[in-house]
Amino acid sequence: MAASLSRPCFISLHMPFRQGWAQDLATTFRFHPVAVRETPRIRQLALRRGSAIFLINERLAPGPTGASSHDFLYDVDPRPALGTASNVCFEVDDVPWLCKRLQSQGCSLPVPPTEVRDDGGSVTYGVVSSIVGNVSHTLLDRSRYQGPFLPGFQPIQGVPLATGDGIDITHFDHITYVCPRGGARTALDWYQRCFGFHRFLLNPQERPADGYVLGGQGVGMLLLALQSAQGTPAHSCKLVFAESLSQDGTNQVDTFLEQHGGAGIQHVGLRTTDIVATTRALQQHGARFFTPPTAYYSQGGKAEEIQGAGQDPNTLAELGILLDTAVPRDKGHPDTHATDSPCQEYLMQIFTHPIFSEETFFLELI
């Protein structure tokens, strides 16, 4: 019996000494600081937009700090040499039971079930190591807690309401992992067996046995996708596993593996119901997005496809937003991040430049 997970509570990133990405997340991407925890050696800052929360973990001293595994509350220390997204926290109903089940499946549990409390109540959490790279998962029951974030954190007063700035980000849509060659199917099987995720298809041409293969010069990658068993789209989670199929080792998957030093989380999709307005607003605050080749918008039938979805080809080309029609749900290929229109379903997305100095982690609007 697999463990069933609910929605992500937060995604944590670990920074080397004073890298400063927490400020970028607040000023450029307009995430609002809600709670902070600080010790003489580390600082943890939670920033929120909609129900999407990033937990930024920073060292306050350069080099080895002698920090113990308990310094980073609700997480484990991956001791990064560079910035990395290394933990996805899931809300669950019964942490001790799930931890026991995962251990019976052979999973490593660096943090056993632990209770933390303050004036707002108590939470129970444990941390399990993923089979993918440096990724771990915090399993958290916060049903007995009424505070703004989690026990052990101090709320940040005067947090502005996320309204009126043109940015519409509601929740985490998906998390994409990069795996070594041959590792995507192994990761897919592990998450199905241990966490109860279900397979879903990314493209109408995808065959379940083969996965979704992206071809072309400098691309060549295999994508496999899963969705958690519980909840509505806003209260569930999708995982995408990518591995390189290229022979020359030049695509973004190979680059991630080389610069990140192994497998891990490549990007996080942020769900928006108005991608045009959100992209414009974020660009005004300094966010940099990749621009597709102009040929993407002029290829045969693309303008008609965009217009058929009720969108303006010139606007999408100006901003660099991709649009592709998606397979209808009633054809047996559920795609929970497609958008309904009178004539069809479609997917719109745009990708930021890498967040850190290395070509590793980035964000996506979807």
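Residues numbered from 1 in each chain as written. Predicted model: local features only at pLDDT ≥ 70, side-chain atom pairs only at ≥ 80, totals over all residues. Heavy atoms only, no water.

Using the following cut-off: UniProt positions are given in the numbering used here, feature names are shortened, and annotations may be inferred rather than shown by experiment.
The protein chain goes by 4-hydroxyphenylpyruvate dioxygenase in an unreviewed UniProt entry, where it is assigned to Geococcyx californianus. The heading Sequence similarities (unreviewed entry) in the UniProt record of the protein chain holds the text "Belongs to the 4HPPD family."

**Some remarks on the state of the cysteines**
Stated formally: The criterion for a disulfide is a pair of cysteine sulfur atoms lying within 2.5 Å.
In the structure shown here, the tally under the stated rule is 0 disulfides. C9 forms no disulfide, and the closest cysteine sulfur to it belongs to C89, at a distance of 4.4 Å.

**Looking at the pairing of strand β8 (residues 136-141)**
This is how it is decided: Here's how the labels work: a residue is buried when its accessible area is under 20% of the maximum for its type, exposed when over 50%, partly exposed in between, all with a 1.4 Å probe on protein chains only. Secondary structure elements follow DSSP: runs of H or I of four or more residues count as helices, runs of E of two or more count as strands, with numbering from the N terminus. Two strands qualify as a pair provided DSSP detects at least 2 bridges between them.
Of all the 6 residues making up β8, 6 are buried; the element is thus mostly covered by neighbouring parts of the structure. Judged by which residues are buried, β8 turns out to be covered on both faces: S136, T138 and L140 on one side and H137, L139 and D141 on the other are all buried. Alignment of strand β5 (residues 84-91) against β8, held across 5 bridges, turns out to be parallel. Following the sheet pairing, C89 is matched in β8 by T138. Pairing analysis gives 6 bridges linking strand β7 (residues 121-129) to β8, with the strands arranged antiparallel. What sits directly across from S129, in β8, is S136. As consecutive antiparallel partners, β7 and β8 are separated by 6 residues, and within that stretch G133 has a phi angle of approximately 50 degrees, a positive value.

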